[in-house]
Amino acid sequence: MISKLHLDVKKNQKKITLFSLFVLFLLVGNANVKVNLGNRASKTEQIVPTDTLLVQQFNRAVDFLRKGDFQYSQQSFQNAIQTIQKGEILDKNMVYRTYVNYGVLLKRVGRKNEAIKYYQLAEKFILKEFGENSSKLIPIYVNEGVIFYNFGNLIKAQNYYEKAINLLHKHTNLRWLALTYNNLGVVFYNKGEYSESLNYYLKTLSIKKKLKIKNSFATYNNIANCYKKLGNYKKADNYFQISIEDVKNNWGENYYLLADSYLNYAVFQGEFHKDKNVLPYLNKAYDIYLKNLGLKHSDTARCLFNFGDFYSSKKDYYKALNYYQKAMISELDQFQDSSIYTNPSIHKIEPQLAILQILKAKAGAFHHIFLKNKQLNDLDFSLQTYDLCLDIIDKIRIAYQDEESKFALSKNENDTYTVAIELAVQLYELTKDVTYKEKAFRYAERSKSASLMSSLNDVNAKNFGGIPKDLQEQERRLKMDIAKYRESVYEERKKATPDRKKMAEWQDTLFNLNEEYNQMVLRFEKEYPDYYALKYDTKTIDIKTLQNRLENTSVFLEYSLSDSALFTFVVTKNSFDIQRQSVSSEDIDFNLKEVRTALKTNDFSKKSVDYYKSYTYSAHQLYKYLIHPNDSLIQNKKLVIVPDGKMAYIPFGVLLKDQADTSRMNYRNLNYLIRNNTITYNNSATLGFTAKKSKSHFLSNNEVLAFAPSYENISDSILYTKRSVREKLYPLPGVKEEVKNISKVISGDIYMDNAATERNFKEHAGDYDVLHLAMHTIIDDKNPMYSKLVFTQVPDSTEDGLLNTNEIYNMKFNARMVVLSACNTGDGKLLKGEGVMSLARGFFYAGCPSIIMTLWTVEDKTGSNLMTNFYSFLAQGMDKDDALRQAKLEYLKTADPLKSHPYFWSGYVTLGDVEPLYNNNLIWRLIYLAIGSFGIFMVFFFLRRRRKKLKA
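Computed from a predicted structure; not experimentally measured.

(A) Spatial organisation of the overall build of the protein chain. Helix and strand content of the protein chain: 35 helices and 16 strands. Here the protein chain holds 952 residues, and 58% of them are scored as buried. Relative to all contacts within the protein chain whose residues are 6 or more apart in sequence, the contacts with residues 24 or more apart total 72%. By element, 50% of the accessible surface of the protein chain is carried by carbon and sulfur atoms, the whole surface being about 40,700 Å².

(B) How the structure looks around the packing of aromatic side chains. Per the stated rule, a full pass over the model turns up 53 aromatic pairs. Taking the centre distance of 4.6 Å and the plane angle of 70 degrees together, the rings of Tyr233 and Phe272 count as edge-to-face. One end of the pair, Tyr233, is in helix H11 (residues 233-251); the other, Phe272, is in the loop between helix H12 (258-271) and helix H13 (275-293), with 39 residues separating them in the sequence. Phe272 gets classed as partly exposed once you look at its relative accessible area, which sits at 33%. With 4.9 Å between their ring centres and 15 degrees between their planes, Phe307 and Tyr323 make a pair best called stacked. Here Phe307, found in helix H14 (residues 298-313), pairs with Tyr323, found in helix H15 (residues 317-331); they are 16 residues apart in sequence, far enough to count as distant. The structure contains a cluster of three or more aromatic residues connected by ring pairs, namely Tyr233, Phe240, Tyr262, Tyr265, Phe268, Phe272 and Tyr281. Here the guanidinium or amino end of Lys203 rests over the ring plane of Tyr181, the centre of that ring lying 5.0 Å away.

(C) Quick look at the nonpolar core. If you look at the biggest cluster of nonpolar residues, it comprises 164 residues, and the most contacted ones within it are Ile392, Phe441, Leu546, Phe556 and Phe569. Sorting elements by how many residues they give to this core places helix H16 (residues 353-373) first, with twelve residues. Excluding residues within four positions of it along the chain, Leu546 makes contact with Phe441, Ile541, Phe556, Val571, Ala685 and Phe689. Within the second largest apolar cluster, 115 residues are counted, among which are Tyr615, Ala619, Leu626 and Val704.

(D) The arrangement of the side chain of Ser585 in detail. With respect to the helices and strands, the residue Ser585 is situated in helix H25 (residues 585-600). With near-sequence residues (within four places) excluded, Ser585 lies in contact with Leu561, Ser562 and Asp563.

(E) Geometry of the pairing of strand S16 (residues 908-912). For S16, the buried fraction is high: five of the five residues fall into the buried class. The pairing of strand S15 (residues 850-854) with S16 spans five bridges and is antiparallel. Across the sheet, the residue bridging to Ser850 is Gly912, located in S16.

(F) Layout of unusual backbone geometry. In the Ramachandran plot, His273 falls in the positive-phi region, its phi being about 60 degrees despite a non-glycine side chain. Mapped onto the elements of the fold, His273 is located in the loop between H12 and H13. Among the residues examined, His273 registers a relative accessible area of 64% and is labelled exposed. In this structure, Asn636 is a non-glycine residue whose phi angle is positive, near 60 degrees. For Asn636, the location among the structural elements is in the loop between helix H26 (608-626) and strand S4 (638-642).

(G) Spotlight on the environment of Asn199. In this structure, Asn199 sits in helix H9 (residues 194-210). Owing to a relative accessible area of 34%, Asn199 belongs among the partly exposed residues under this scheme. Sequence separation of Asn199 and Gly185 is 14 residues, and the distance between their C-alpha atoms is 7.6 Å.

(H) Quick look at the sheet that holds strand S10 (residues 788-790). Read from one edge of the open sheet, three strands run S9-S10-S11, paired in antiparallel fashion. The sheet is open, and its two edges are formed by strand S9 (777-778) and strand S11 (802-804), each paired on a single side. Pairing geometry for S9 and S10, over two bridges, is antiparallel. Residue pairing in the sheet places Ile778 in a bridge with Lys788 of S10.

(I) Layout of helix H3 (residues 70-85). Relative to the 22 Å expected for 16 residues at 1.5 Å per residue, H3 spans 22 Å between its end C-alpha atoms, a close match to the ideal helical length. Along H3, the positions that sit buried rather than exposed are Phe70, Ser73, Gln74, Ser76, Phe77, Ala80, Ile81, Thr83 and Ile84. Its buried side turned inward, H3 meets helix H2 (50-67), helix H4 (92-108), helix H5 (112-129) and H13. Of the residues trailing H3, Gly87 is marked for its positive phi of about 80 degrees.

(J) Expanded view of the pattern of salt bridges. Per the counting criterion, the structure on display carries 29 salt bridges. For Arg108, the salt bridge goes to Asp299, with nearest N and O atoms at 2.1 Å. Of this pair, Arg108 sits in helix H4 while Asp299 sits in helix H14, and the two are 191 residues apart along the sequence. With respect to class, Arg108 is no different from Asp299; both count as buried. Linked by salt bridges that have partners in common, Arg108, Asp260, Asp299 and Arg302 make up one network.

(K) How the structure looks around empty space enclosed by the protein. By the definition in use, this model includes five cavities of 30 Å³ or more. Its boundaries defined by the atoms lining it, the largest cavity holds a volume of some 520 Å³. If you trace the largest cavity, you find 32 residues lining it, with Gln401, Asp402, Glu403, Arg486 and Tyr517 closest to the centre. At the level of secondary structure, the elements contributing two or more residues to the lining of the largest cavity comprise helix H7 (154-170), helix H17 (376-399), helix H18 (403-431), helix H20 (450-464), helix H21 (469-494), helix H22 (500-527) and helix H30 (805-809).

Rules and cut-offs
Residues numbered from 1 in each chain as written. Predicted model: local features only at pLDDT ≥ 70, side-chain atom pairs only at ≥ 80, totals over all residues. Heavy atoms only, no water. Helix = DSSP H or I, 4+ residues; strand = E, 2+ residues; numbered from the N terminus. Buried < 20%, exposed > 50% of the residue type's maximum accessible area, 1.4 Å probe, protein only. Contact = heavy atoms within 4.5 Å. Areas by Shrake-Rupley, 256 points an atom, 1.4 Å probe, with all protein chains shown as cover. Phe/Tyr/Trp six-rings, centres within 6.5 Å; stacked < 30°, edge-to-face > 60°. Lys NZ or Arg CZ within 6 Å of the ring centre and 35° of its normal. Core = buried A, V, L, I, M, F, W, Y, C linked by side-chain atoms within 4.5 Å. Pairing = 2+ DSSP bridges. Expected span 1.5 Å × (residues − 1). Salt bridge = Lys/Arg side-chain N within 4 Å of Asp/Glu carboxyl O. 1 Å grid on protein atoms, 1.4 Å probe; cavity = no way out; pocket = protein on both sides within 12 Å on 5 of 7 lines; lining within 4 Å. Points joined across faces, edges and corners; volume = space filled by probe spheres on them.

This is the structure:
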């Protein structure tokens, strides 16, 4: 156990090193106006006309900036800003240059938030004075992209760079084109797309050679990093050395950017264990940073961080910790404590990836010290530091507006949660302090569907934070427009010969819509404090609250899988336990894959015996890992399951309690878990037990809206992607029978064939309690937000008949249940920290508390049979999960040996709220009440008549 955790932490540190050492070159805008004035900003300004004064102040500031004399440059820029604020400047060009170059300086000295403020001032000024097509916007967009890159928001950075590229197509400027290509290369490098990144860097170098630009050191550095990642170490080494010589030849031995080249080369040497070269280059880099930038600077912090990593690799953890502490002091303006047992307060930390990386490395070093010395205080402080890391991750995630950036963060930081869980469990086992057990559960919760939780938190904040309904509607429509243009760009980009002109127009529109949306969010946060408070509340459900909301008949099981251990959190009404099993994730994943492969196959003529053997073996193995430790606890209980990772790809009901006899195939008599337990699933306990519940009520006239499209003569062209055709859209004759049968059980409206259009769905879906969609889906594994439900294809000027996940996210439903009786609606790409990115997730986000979905393509007629029985049991007042289980058991009673294969019946699962739609107990109580009332009335009536007769 200990040695494996050792490896996890080290792997995480390697990621940190690669990210933190990547060089991003910023081109300082050149000032063409040259005025010979003194070389110190402290000299008294002469009495000159305002425009001339601004030119003098600007040139002086830029001159200091080029020399790396940042203190005097800042003073000169502040003087220039004061001159602008007097409001007498006629030269609009100088106003723009001052704002942009001051932003460059502020970024250079590590004051990124102030830098973005001046870039935005410049952008607003240019839009007003020169219009949206002005070439003056190019350096603004590039530099804004750099800031967002530094904040870790790669998607937003890329949007700014692409906006600059579109303007550069109208206003040719090879210098800025080279810079923008370079920065796009940085984005693709950090996305892990190294070949694409290298392509952009080589374009940059080609332009620089064409223009005979001498200072290309940053490009050489970046090319070297790409070759290193692509495994061409000889070329990498060559380009690193070229970079160093390029700086020396053009700027001298003490130029501040030479430190970047030294730092990158030091790390490169360290990765190949050429330790004798590492410290000399690190020391050279540090001396230059300290001389030019001072101690309180992010580049100096980065260098100190890498000293720490070097000593950590040598297992000198105390020395490493001292350097990590120095790196924190250097990175944070308001932190000075040199004690390694002190961390900064979360309230004094600007949530950025740089400080997160330092803290993770520090936490890892403390854990290594514990493994050596066995002092509990070291392990506890390691956990405290990880706890601070998770708070920073939450803050970063909330600041991101787009889902893609949130997904990337969840993927990159998933290991941080896993290590924190391991440490908390380890502390609980050593101390028996339940506080650690509760912390471990809280970490597990925070690691599940984190982006979905953040987004739903934002929705909740809008609903209860005092934001007027008209503004909420305006925001919803804006998000729909953004989603529409994103899809247009995405689909056009997939074509063999995309229309670049169209894409540029759409990207421009998308950029402006994103800016409008960002301003709206800032307005919400500023003008509605309740919204702000709710949005930034990242609390997860605690054990006591979960137990209060659990039924007596339920057992809650949440899983967390690391490389070396499986953690199971077991909660009942009156108990809470954590179980740790030493098992490799590879073993679990192998068995999950075997079961998944057997379940998804619909070709039973090939390898049927082999499939049976592999399925029954792996299904029993998974039962032993996932369920068996709680056999006695779960007898006749409902199971509420929060899976981890690839577990979400299989229905737990097909796990086998006993090892099967494989001498002959018999799927019908296997001892499936579903024979003993009702099973439902949640994305997390917080989402499952704090989301709104569907309220049961009587059957009414407008209960169900059902769609069953026609796929006759449909073109397969809509299935094409860059890689391949997904599958044929064969007709589904069984879905019409399915929706007709449902309508006999529960009243509602059916849209079939040509009426089953995307437009009709969008117009009517918000008016029904239950939505039932029996149709094909197109799964986009590369970008799950563009997986689609396929409606009947009819001519329509605005709707394409394909409803993607992005569109669903921005719709508003009032349905208490959505049944996605379609192919693969619960399937999709697995993202670490988020789970399966399925279409069902979109409906959950859009306000549907209960989802019935399919994990693979369900056979047409079987699906119709299961759904008909499911609705019949629902109408009897059953819980949704009970109704689905009963429908499956009914099917198994009559299925022949072939059709009893789990492929046919186990694909449907319930997600979220399982409360009954119709409360028959309430109905009967009201019937009894009515009968009783009628009886009392009749007794009163006869008594009254009798009295009248007696009087007579």
